[in-house]
Amino acid sequence: MHHKYHVCGRCAMPVMQLLRGAVKHAGSGPRCNVQRVISAARGVSSSSRHFGKTHPPSCADTDHPKVLITGGLGQLGVGLAKLLRRRFGKNNVILSDIRKPPNHVYHNGPFIFSDILDYKNLREIVVNNNISWLVHYSAVLSAVGENNVALAKEVNITGLHNILDIATEHGLRLFVPSTIGAFGPSSPRDPAPELCVQRPRTIYGVSKVHAELMGEYYHHRYGLDFRCLRYPGIISADSQPGGGTTDYAVQIFHAAVKTGCFECNLRSDTRLPMMYIDDCLRATLEFLEAPAESLLSRTYNINATSFTPHDLVRELQKALPVLKITYNVDPVLQAIADGWPMALEDGAARRDWGWKHGYDLSELVRTMLTHISTGNQLAQAY
């Protein structure tokens, strides 16, 4: 695979260090200094464009992409790895995280320790494994981020910069999820269009707007194949909540089956957009596989269903009439939710790359109860 900065063993790394320094410190010095660094890099390069537009073969040119998933032990990483491995082969999809994986994850396919704040290690993984797609799930979520802003800034912003530079240097197809949290109280809420005022009031939301804009800038400036979906709240039976504001919609299912009681931390009338995980993973794969020429945008909303805690309880009570719910509103979580959209307008995704959701509220509830009940029966059998 030809890489743009493979000029010689002595000069390739210094050039990238200069470039990374220029990007990292662009806000702290005169603009002309950054421009001189980029111009110097161009002089060393064999092309006249910074990072260049010459990409290694993508999935359209080879049988299968080689995929790296960062933050792979979170809510979505394991599920996406399973889907991608079925499509592209077990060894073509590498999960990575800073935590030790459970045994079943470790034995189901390649796993690598990777800290996105360690630029050198991340770069080595991409090069040594001939990565062509990078799915960047590493993030500190909304509620956790408000309790640790410094950590959220480091992971969600500094880590993103590392990912962008590496993906650009090596011509990767880069997917970075965004969120309903990228909108704010001044955004239209029902529904939120793709292009509107975005003034989020959480560090999570701010970091995601930053990711959207930086990714689109790298696409237009350097030709990076950047792709981003604004996810609604994601509901899954197979993973534990990770500190997000929409986590109640996962927790309530487990409580309903195990105890028949649930205490909700949001008001009963808090309407938020939600999506079953199978829809989310399928949307991600379809978006990753979409031909670049069909994408009129680089950041898309995707939507499935919207409901309140009251709506969800009413649907659950059709199967579990004894379910009791109480409300103990968390003011921090409620303030976050009140600044988020009630629905997402996703006509562009449906037009440009054929997005269609498969799960409405009733189907979502039926599927979640089936999975959780089956899991409890298996646990009791052992």
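So, how was this worked out
- Residues numbered from 1 in each chain as written.
- Predicted model: local features only at pLDDT ≥ 70, side-chain atom pairs only at ≥ 80, totals over all residues.
- Heavy atoms only, no water.
- Helix = DSSP H or I, 4+ residues; strand = E, 2+ residues; numbered from the N terminus.
- Buried < 20%, exposed > 50% of the residue type's maximum accessible area, 1.4 Å probe, protein only.
- Areas by Shrake-Rupley, 256 points an atom, 1.4 Å probe, with all protein chains shown as cover.
- Pairing = 2+ DSSP bridges.
- Axes fitted to C-alpha atoms, helices over the stretch in contact; angles between N-to-C directions.
- Contact = heavy atoms within 4.5 Å.
- pLDDT = per-residue confidence, 0-100.
- Salt bridge = Lys/Arg side-chain N within 4 Å of Asp/Glu carboxyl O.
- Parallel < 35°, antiparallel > 145°, perpendicular 65-115°, else oblique.
- Left-handed = near helix turned anticlockwise from the far one by under 90°.
- Right-handed = clockwise from strand over helix to strand, strands pointing away.
- Expected span 1.5 Å × (residues − 1).
- Nonpolar A, V, L, I, M, F, W, Y, C, P; charged D, E, K, R; others polar.
- Phe/Tyr/Trp six-rings, centres within 6.5 Å; stacked < 30°, edge-to-face > 60°.

### Remarks on the overall build of the protein chain
Alright, step 1. For the protein chain, the count of helices and strands is 14 helices and 13 strands.
Alright, step 2. The buried share of the protein chain, reckoned over its 382 residues, is 53%.
Alright, step 3. Carbon and sulfur atoms make up 53% of the accessible area of the protein chain, which amounts to about 17300 Å² in all.

### Here's the deal with the sheet that holds strand β8 (residues 233-235)
Alright, step 1. An order of β8-β10-β12 is seen for the three strands of this open sheet, with the pairing classed as mixed. In this open sheet, the two strands that pair with only one neighbour each are β8 and β12 (305-307). On average, adjacent strands in this sheet sit at an angle of 45 degrees to one another, irrespective of strand direction.
Alright, step 2. As judged from the three bridges shared by β8 and strand β10 (residues 272-276), these two strands associate in the parallel manner.

### Some remarks on the environment of L83
Alright, step 1. Within the secondary structure, L83 sits in helix α3 (residues 77-88).
Alright, step 2. The sequence separation of L83 and L281 amounts to 198 residues, and the corresponding C-alpha distance is 7.6 Å.
Alright, step 3. Aside from chain neighbours lying at most four places away, what touches L83 is L281, R282 and L285.

### A short note on the confidence of the model for the protein chain
Alright, step 1. Put simply, the protein chain has an average pLDDT of 85, and 81% of its residues get 70 or more.
Alright, step 2. pLDDT under 50 marks residues 377-382. Its contacts with residues more than four places away, or in other chains, come to zero contacts.

### Brief notes about the pattern of salt bridges
Alright, step 1. Considering all chains together, one arrives at 18 salt bridges under this definition.
Alright, step 2. For the salt bridge of R123 with E169, the shortest nitrogen-to-oxygen distance reads 2.3 Å. Of this pair, R123 sits in helix α5 (residues 119-128) while E169 sits in helix α7 (residues 149-169); the two residues are 46 residues apart in sequence, bridging distant segments of the chain. The pair R123 / E169 is uniform in exposure class, with both members buried.
Alright, step 3. The partner of D311 in a salt bridge is R314, with the nearest N and O atoms 3.5 Å apart. With a gap of three residues between them, D311 and R314 both fall in helix α11 (residues 309-319), about one helical turn apart.
Alright, step 4. A residue is classified by how much of its surface remains accessible, and R314, at 48% relative accessible area, is partly exposed.

### Description of the packing of helix α9 (residues 248-258) against α11
Alright, step 1. At a closest axis distance of 11 Å, the pairing of α9 and α11 adopts a crossing angle of 25 degrees. Comparing their axes, α11 and α9 come out roughly parallel. Between α9 and α11 the crossing geometry is right-handed. Counted together, Y248, A249, I252 and F253 of α9 and P309, L312, V313 and L316 of α11 form the full contact between these two elements.

### Description of the pairing of strand β2 (residues 93-97)
Alright, step 1. With five of its five residues buried, β2 lies for the most part within the structure.
Alright, step 2. Both faces of β2 are covered, namely the face carrying V93, L95 and D97 and the face carrying I94 and S96.
Alright, step 3. In the sheet, strand β1 (residues 67-70) pairs with β2 via three bridges, with the strands oriented parallel. Bridge assignment links L68 to a residue of β2, and that residue is I94.
Alright, step 4. In this fold, β1 hands off to α3, which returns the chain to β2; that crossover is right-handed.
Alright, step 5. One ladder, built from three bridges, connects β2 with strand β3 (residues 111-113); its direction is parallel. Looking at β3, one finds that L95 is bridged to F111.

### As for α3
Alright, step 1. In this model, α3 (twelve residues) spans 16 Å end to end at C-alpha, consistent with the 16 Å of a helix rising 1.5 Å per residue.
Alright, step 2. Turning to α3, its buried residues are G77, L80, A81, L83, L84, R85 and F88.
Alright, step 3. In this structure, the buried residues of α3 make contact with β1, β2, β4 (133-136) and α10 (277-289).
Alright, step 4. Backbone geometry just after α3 places G89 at a positive phi near 105 degrees.

### Here's the deal with the packing of α5 against α7
In a pair of packed helices, the angle between the axes and the distance between the axes together describe the arrangement.
Alright, step 1. With their axes 10 Å apart at the nearest point, α5 and α7 run at an angle of 35 degrees to one another. Note on packing geometry: the crossing formed by α5 with α7 is right-handed. Taking contact as the criterion, the partners of Y119, L122, R123 and V126 in α5 are, on α7, N162, I163, D165, I166 and E169.
Alright, step 2. Residue classes in the contact of α5 with α7 are distributed as five nonpolar, one polar and three charged.

### Notes on α10
Alright, step 1. Under the 1.5 Å per step criterion, the end-to-end length of α10 is 18 Å for 13 residues, consistent within 8% with the ideal 18 Å.
Alright, step 2. If you check which residues of α10 are buried, you get I277, D279, C280, L281, A283, T284, L285, F287 and L288.

### Some details on the packing of aromatic side chains
Alright, step 1. Taken as a whole and assessed by the stated rule, the structure comprises twelve aromatic pairs.
Alright, step 2. Considering the side-chain rings of F175 and Y231, the 6.2 Å spacing of their centres and the 45 degrees angle between planes classify their relative orientation as tilted. With F175 in strand β5 (residues 173-175) and Y231 in strand β7 (residues 225-231), this residue pair connects regions lying 56 residues apart in the sequence. Here the two residues F175 and Y231 agree in accessibility, since each one is buried.
Alright, step 3. The interplanar angle of 85 degrees and the centroid separation of 6.1 Å between the aromatic rings of Y217 and Y222 together place this pair among those described as edge-to-face.
Alright, step 4. Under the relative-accessibility criterion, Y222 is labelled buried at 3%.

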